Structures are given as structure tokens and as C-alpha cells.
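Spelled out, the chains give:
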Amino acid sequence: MLIKRPSDVIPSEITPESVYKKRRDFMFDGGRALLGVAAGSLPSIANAQNGEALKARAPAAMRRSPPAAWWAEKFQNIKPAPDREPYFTGETLTPYEDVTIYNNFYEFGMDKSDPATRSGEFKTDPWSVEITGEVEKPGTYHLEDIIKPHDIEERIYRLRCVEAWSMVIPWIGFPLADLIKRFEPTSNAKFVEFETIVDAETMPGINSRFAIVRWPYREGLRIDEATNPLTFMAVGLYGSYLPVQNGAPWRLIVPWKYGFKSIKSIVKINFRETQPNTTWEDLQPNEYGFYANVNPQVHHPRWRQDMERRLPQTLFSRPRN
Ligand SMILES: Nc1nc2c(c(=O)[nH]1)N[C@H]1C(S)=C(S)[C@@H](COP(=O)(O)O)O[C@H]1N2
Ligand SMILES: [Mo]
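Definitions and cut-offs
- Residues numbered from 1 in each chain as written.
- Chains lettered and ligands numbered in written order.
- Predicted model: local features only at pLDDT ≥ 70, side-chain atom pairs only at ≥ 80, totals over all residues.
- Heavy atoms only, no water.
- Salt bridge = Lys/Arg side-chain N within 4 Å of Asp/Glu carboxyl O.
- Helix = DSSP H or I, 4+ residues; strand = E, 2+ residues; numbered from the N terminus.
- Buried < 20%, exposed > 50% of the residue type's maximum accessible area, 1.4 Å probe, protein only.
- Arc of directions from axis to C-beta.
- 1 Å grid on protein atoms, 1.4 Å probe; cavity = no way out; pocket = protein on both sides within 12 Å on 5 of 7 lines; lining within 4 Å.
- Points joined across faces, edges and corners; volume = space filled by probe spheres on them.
- Nonpolar A, V, L, I, M, F, W, Y, C, P; charged D, E, K, R; others polar.
- Pairing = 2+ DSSP bridges.

Break down the pattern of salt bridges for me, citing the residues and quoting the values.
Two side chains with opposite charge may pair up if their charged atoms get near one another. Under the criterion given, the structure shown has 19 salt bridges. Notably, a salt bridge pairs lysine 181 with aspartate 178, separated by 3.8 Å at the nearest N-O pair. Linking lysine 181 with aspartate 178, this pair stays in helix 10 (residues 176-183), spanning three residues, or about one helical turn. For lysine 181, a relative accessible area of 60% corresponds to the exposed category. A salt bridge links arginine 310 to glutamate 308, with the shortest nitrogen-to-oxygen separation between them at 3.3 Å. Per residue, the accessibility class of arginine 310 equals that of glutamate 308, and both read buried. Sharing partners across several salt bridges, the network here consists of Glu91, Arg158, Arg160, Glu308 and Arg310.

Written out as C-alpha cells, the structure reads:
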């Protein structure tokens, strides 16, 4: 075996050390059963298999973004995914239940089920987005005004988390390149920086004593990566609105990079001359670099990257190229 069975992996191997330490505190906190803590990624596997039970716990959180009229109108006309790679993958789709229950969205908590079960209060409408920096048309815009001019289409991409699990998800949205063109970056714009909303009232992970992230969650791309035709702004999945846990009302998807680049619930897009600091690079620069391109040959310092769990499966297998 190249890699241990999931049940043999200890949390310190699979989670960043700082996360693991917090979890260990958590364990001694006595608040939770050991089972939940042996966690890192593991309890989440159990959660993924236990979708029905979770849904029963979280009917409110499973609701999707409020369908404003303009929004519903957009969804009437979705261009199907081009039936060729790399805009599409013929692999089996990960079931909706798994896509919406097994999530990383630390603003709602650190467990995989937290984003689904603890996001019921989160509001996605009204939503404004600040476009700033090296751009001819800076300003604060309503999301409606940002999205309306774009035709929306489906893209079927793999989402590969650096934790060595992956899903195949039918996203709905539009290329980031089309949006960037509209706001006219200046010739100084060499990078694009994104920020997630911070709303402590409705995001219970923000003020949690286990929080490891310095909010807001931040990500960035080089301008040529941002304008690559694969780079996508998702406003939905499985033919409908984006659930909160997946980054409602809109999020970035960069299919050739590890999942942490695909920042959720974006409220700021900043065009810059210099490379931005990004959340995971700040936390563990030697483990999560700025570029973070998926590469099975380059292992994470603490685990291999040439095997992955394709959810909802629990066993590791070799990723398809
Ligand atoms: N704001 C924010 N965006 C985020 C994260 C997060 O914690 N906060 N987690 C990232 C990570 S590590 C992954 S793998 C993907 C998971 O996306 P999904 O939950 O829709 O599968 O979201 C990314 N975007
Ligand atoms: Mo991730």
C-alpha cells in the first residue's frame, strides 16, 4: 500500500499542525466525543456516508440562496457544458448530498458538516461586491449588476482538495475572464486578489476559539491565470442556486488548483501589481503555496498526493489524468 487506510491516518498527518493543535485542545476541552475529534478529515468521511442523518439535522441550512426574480430568470437559460475536456469531465458526478454536506468553509466551523449545519442564518441577498485597485471601473456594485450581463453555462470540473479528497461537480456560472474584461484592468494589474465576507453574526466559525484563519479569507491569482478560459465564477451547482455551504451567492472555481484557491462568498476583487498574501500561504507557507497547482508528483510534506478519495467513496485510488 502506498498510503495508509483512512482509519489508520492520525489527525496530525492529515491536518496542518496548527489545526491539529487546536483540535487537540478541543479534545481536552471535553466538549466532544473522541470520535468527532479523531477527525481532521476522518469524521467527515462518516458524515459523507451519513447524509440522511445530517440533512435531518439541517433542513434550514440546506436551503439555497433566495431566488430573486432576476436570479431565477438567469437560471432559465443555462448553456450546457461543452462535451469536451477540459470544460467537462466524463467522470461520474458526486451526488448532490455529498457535494453539499462535506465542505470546507471555516467561517462556519472546522468540521466538514459545519458549513451545512451551521449556516442557516447566513444572508446572501442583498450582496454587494467591491471592485478596486488597478482597474478603470472601480466601485461597489450590486451582485445583480455584476452577474446580469453574463450568459451562464455549466462546467463539470473535478474539485481536488489538498487533503486528498475530490469530487466531480456540475457548476453553473461564467468565465472570470469575461468579468475582468468589463472592469478594464490597467496595465499594472498583474494579480487579482479576492476576499470572502466576514459576518460574525451569521458565521459561527469567525469568533470561534478554534479559528485558525486571520479573516477575511483571501485568495489570489496571477492575471493570466484569472483570465484563463477555465477559471470560473460559480453562481450555482446541479442546475440551481449555490447552497451557502458551497459559497453562495458566488465563488471562484480554479479547476487545476487545489480547492483552497477556490474562495467562497466573495465581496471584494482587487487588481494589484504585486502578489497578494493568501490565507493558506500565510498559515503554512511550506505546505500551501500561492500557485498550488494540483500535481500528483509533488507530495504534501505530510502525505502523498498521488492517491485521492473520490467522494462518496472512502478508499483511496489513483486520480485520473
Ligand atoms: N471563504 C472560504 N473559502 C473556501 C474555504 C474556506 O474555508 N473559506 N475552503 C476552501 C477549501 S480548503 C476547499 S477544498 C473548497 C471546498 O469547496 P466545497 O466545500 O464547495 O467543496 O473551498 C475553498 N474555499
Ligand atoms: Mo481544501
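More follows now that the structure is in view.
Describe unusual backbone geometry, and please don't skip the residues or the numbers.
The omega torsion of the bond from glutamate 85 to proline 86 falls at 0°, within 30 degrees of zero and hence cis. Inspection of the secondary structure puts proline 86 in the loop between strand 1 (78-79) and helix 7 (96-99). Alanine 248 connects to proline 249 through a cis peptide bond whose omega is 0°. Position of proline 249 among the secondary structure elements: in the loop between strand 9 (240-241) and strand 10 (251-253). Unlike most non-glycine residues, tyrosine 238 shows phi in positive territory, near 50°. Looking at the secondary structure, you find tyrosine 238 in the loop between strand 8 (232-237) and strand 9.

Give a description of helix 10 that names residues and reports values.
Buried within helix 10 we find Leu176, Ala177, Leu179, Ile180 and Phe183. Down the axis of helix 10, the buried side of the element spans an arc of 160°, and every buried residue falls inside it.

So what's going on with empty space enclosed by the protein? Which residues, and what values?
Over the atoms, a rolled probe matching the size of one water molecule traces out where space is still vacant. Tallied over the entire structure, the rule returns three cavities of 30 Å³ or more. By volume, the largest cavity amounts to about 420 Å³. Forming the walls of the largest cavity are 30 residues, and the residues nearest its centre are Asn104, Phe105, Tyr217, Gly259 and Phe260. At four residues, strand 5 (residues 165-175) tops the list of elements feeding residues into the lining of the largest cavity.

So what about the layout of surface pockets? Which residues, and what values?
In this model, the largest pocket occupies a volume close to 410 Å³. Counting residues per element, the lining of the largest pocket draws most heavily on strand 4 (residues 152-160), which supplies four residues. Partitioned by chemical class, the residues of the lining of the largest pocket number 10 nonpolar, two polar and five charged.

Would you mind going over the pairing of strand 5 in detail, with residue names and values included?
Across the 11 residues that make up strand 5, a large majority, 11, are buried. With antiparallel pairing between neighbouring strands as the criterion, strand 4 and strand 5 make up a hairpin whose turn holds four residues, including alanine 164 at a positive phi of roughly 75°. The sheet contact formed by strand 5 and strand 12 (residues 308-310) spans two bridges and is parallel. Looking at the pairing, tryptophan 165 lines up with arginine 309 of strand 12.

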